[in-house]
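Take a look at the letters that make up each chain.
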Amino acid sequence: MSYQHKKSIVVGIASIITFGLFNIYWLGKYPDLLRSSDTALWGKTIVIMIMVQVISQILVTILFNTLNQIIAGESEPRVRDELDKLISLRVMRNSYIAFIIIFILSMVLMMTGQSINTMFNLLYFGLIGSGIFGEVTEFIYYRRGY
Amino acid sequence: MANHSIENNIRRLRFDADEMTQQQLADLVGVTRQAIISIEKGKYSPSLELAFKLAEAFNVSINDVFSYKKED
């Protein structure tokens, strides 16, 4: 399994674990969040969740590179070539499309009279879902060759 | 319009070049081994610049590395 394969798996799993741990902590602090229509609380939740995910990804990447070097003797590729850049662009596109679909779905639900917390729930879980979707497609692209 | 595919002889050229490895070729042209694997398998068509670099690595013309074939 190549470096890129391993990294996409590790980062994907780490995203899920981070999200899970964040929810355990945050929902413990705000147990009524998922039923809440408090826009300020939802805003705070989503912003902090994004920050936690970004920091987690940075730390996981550093840890992965270190452990991969020690265990497999494989370091991060020195170059980021045209194939890496193209796959990266495709992955970004896929994540954005996934999130846009979720966003539109949340608007449709609002249109049908659902409460605002339904929209926030969809956006909240949709953010991590679209990110993980991107990681999965990255793995598939590298597995397939492009 | 007829369908075309781009084929390559990179694997054979590597073998002829003292059994050059994919990693050695990747280092020569400045890409990752993954990119060389994808190109050899025909999964990825390289940029023009990379195609020329590959030809230069084997000291052959680009037509000796890549061919543009019409699919039946």
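Refer to the structure printed above.
Residues numbered from 1 in each chain as written. Chains lettered and ligands numbered in written order. Predicted model: local features only at pLDDT ≥ 70, side-chain atom pairs only at ≥ 80, totals over all residues. Heavy atoms only, no water.

### A short note on the side chain of A:Asn65
Residue and element names in this part refer to chain A. With respect to the helices and strands, asparagine 65 occurs in helix H2 (residues 39-71). What makes asparagine 65 buried here is its relative accessible area of 18%. Among the polar contacts listed, one links the side chain of asparagine 65 to the side chain of tyrosine 3, at a separation of 2.6 Å. Contact partners of asparagine 65, with chain neighbours within four places excluded, come to Tyr3 and Glu76. (Helix = DSSP H or I, 4+ residues; strand = E, 2+ residues; numbered from the N terminus. Buried < 20%, exposed > 50% of the residue type's maximum accessible area, 1.4 Å probe, protein only. Polar contact = N/O pair within 3.5 Å; in protein donor to acceptor, adjacent residues only side chain to side chain. Contact = heavy atoms within 4.5 Å.)

### Observations concerning helix H2 (residues 22-29) of chain B
All names here are of chain B. Burial in H2 covers these residues: Gln22, Leu25, Ala26 and Val29. Taken down its axis, H2 places every buried residue within 100° of arc, on the same side. Against the buried residues of H2 lie helix H1 (10-16), helix H3 (33-40) and helix H4 (48-58). (Arc of directions from axis to C-beta.)

### Considerations on a positive patch on the surface
A cluster of basic residues, A:Arg143, A:Arg144, B:Lys41 and B:Lys43, forms a positive patch on the protein surface. Within the fold, A:Arg143 resides in helix H4 (residues 116-144). (Patch = residues over 30% accessible without salt bridge, like charges linked within 9 Å, V, L, I, M, F, W, Y side chains within 5 Å. Areas by Shrake-Rupley, 256 points an atom, 1.4 Å probe, with all protein chains shown as cover. Salt bridge = Lys/Arg side-chain N within 4 Å of Asp/Glu carboxyl O. Lys, Arg positive; Asp, Glu negative; His and termini not counted. Charge placed at Lys NZ, Arg CZ, Asp CG, Glu CD.)

### Points about the packing of aromatic side chains
Residues and elements named next belong to chain A. Under the defined criterion, the tally for this structure stands at 10 aromatic pairs over all chains. Judged by centre distance (5.4 Å) and plane angle (15°), the rings of phenylalanine 22 and tryptophan 26 are stacked. Here tryptophan 26 and phenylalanine 22 lie together in helix H1 (residues 3-29), a separation of 4 residues that amounts to about one turn. Accessibility assignment for this pair places phenylalanine 22 and tryptophan 26 in one class, buried. Aromatic pair tryptophan 26 and tyrosine 30: ring centres 5.0 Å apart, planes at 50°, arrangement tilted. We note arginine 90 situated over the ring of tyrosine 146; from NZ or CZ to the ring centre the distance is 4.4 Å. (Phe/Tyr/Trp six-rings, centres within 6.5 Å; stacked < 30°, edge-to-face > 60°. Lys NZ or Arg CZ within 6 Å of the ring centre and 35° of its normal.)

### Topic: the interface of chain B and chain A
Across the boundary between the two partners, chain B contributes 12 residues, which contact 15 residues of chain A. A combined buried area of about 990 Å² lies between chain B and chain A, and 54% of that area is made up of carbon and sulfur atoms. It is B:Thr32, B:Gln34 and B:Tyr44 that lose the most area in chain B upon contact with chain A, and together they represent 56% of the buried surface on that side. With 3 residues, the top contributor of residues to the side of chain B that touches chain A is H3(B). When its residues are assigned to classes, the side of chain B that touches chain A shows 5 nonpolar, 5 polar and 2 charged. (Buried area = accessible area lost by both parts, 1.4 Å probe. Nonpolar A, V, L, I, M, F, W, Y, C, P; charged D, E, K, R; others polar.)

Any functional reading would require information beyond the geometric quantities listed.
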